[in-house]
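A closer look at the structure
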Amino acid sequence: MISGLASAAALAVNAPTMTLAAPHMTSVKFEKCTGGHRTACVIDGDTLWIGGTKIRIADIDAPEISEPKCASELALGNRATERLIELLNQGPFELQAWPGRDKDRYGRTLRSLTRHGHSLGDILVSEGLARTWAGRREPWC
């Protein structure tokens, strides 16, 4: 099943739009990244790994948890991370290429995540757990 995820992710990274979660991958579960092999895990509220590819959710900015500037940013970042994990595990979603840019300055693949035509990032924004990406980071403290 994991090998199916890896091959689907490889296609997803290279295709403009690719659905992640075929019937043979129903048991794949996203969790918080904790170490070594990163196949299906979430780093924070706007970054995840899929099949060995680091994906930056292109349409949002979420609070940092690895180097937060204050306690409230860390708390909100942890909530955003947990909520993203919940959203990813609710069923199939699509990875859609970000117009005009494939990678960010850190080498992460830029994609928006959608389900039934709705951005998962927009859900995080509507719940106050992220901001719509405006081209630059804004402070959370």
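Just so it is clear, the structure is predicted and the values come from calculations on it, not from any experiment. (Residues numbered from 1 in each chain as written. Predicted model: local features only at pLDDT ≥ 70, side-chain atom pairs only at ≥ 80, totals over all residues. Heavy atoms only, no water.)

Section: the pairing of strand 4 (residues 47-50)
In plain terms, the rule: Three exposure classes are used, based on accessible area relative to the maximum for each residue type with a 1.4 Å probe and protein chains only: buried under 20%, partly exposed in between, and exposed over 50%. Segments assigned H or I by DSSP are reported as helices when at least four residues long, segments assigned E as strands when at least two residues long, and all are numbered from the N terminus. Here, any two strands with at least 2 DSSP bridges between them count as paired.
Of the two faces of strand 4, the one lined by T47 and W49 and the one lined by L48 and I50 are each fully buried. Where strand 3 (residues 40-44) lies against strand 4, four bridges are found, and the strand directions are antiparallel. Following the sheet pairing, D44 is matched in strand 4 by T47. In sequence, strand 3 turns back onto strand 4 through a hairpin of two residues. Linking strand 4 back to strand 5 (residues 53-57) in an antiparallel pair, the connection comprises two residues, with G51 at a positive phi of about 55 degrees.

Some details on the state of the cysteines
Rules: Sulfur atoms of two cysteines make up a disulfide when they are within 2.5 Å.
Counted under the stated rule, the structure contains two disulfides. The disulfide partner of C33 is C41, and the S-S distance across this bridge is 2.1 Å. Between C33 and C41, the disulfide has an S-S torsion of 90 degrees and is therefore right-handed. Comparing C33 with C41, the two get one shared label, buried. Put simply, C70 and C141 are joined by a disulfide, and their sulfur atoms are 2.0 Å apart. Between C70 and C141 the sulfur-sulfur dihedral comes to about -100 degrees; the bridge is accordingly left-handed. Here C141 lies in the segment after strand 10 (131-132) and C70 lies in the loop between strand 6 (60-61) and helix 2 (71-88), a separation of 71 residues in the sequence. Given a relative accessible area of 23%, C70 falls into the partly exposed group. Each bonded cysteine in the protein chain gets a number by its place in the sequence, and the pairs come out as 1-2, 3-4.

So yeah, pure geometry; function would need other evidence.
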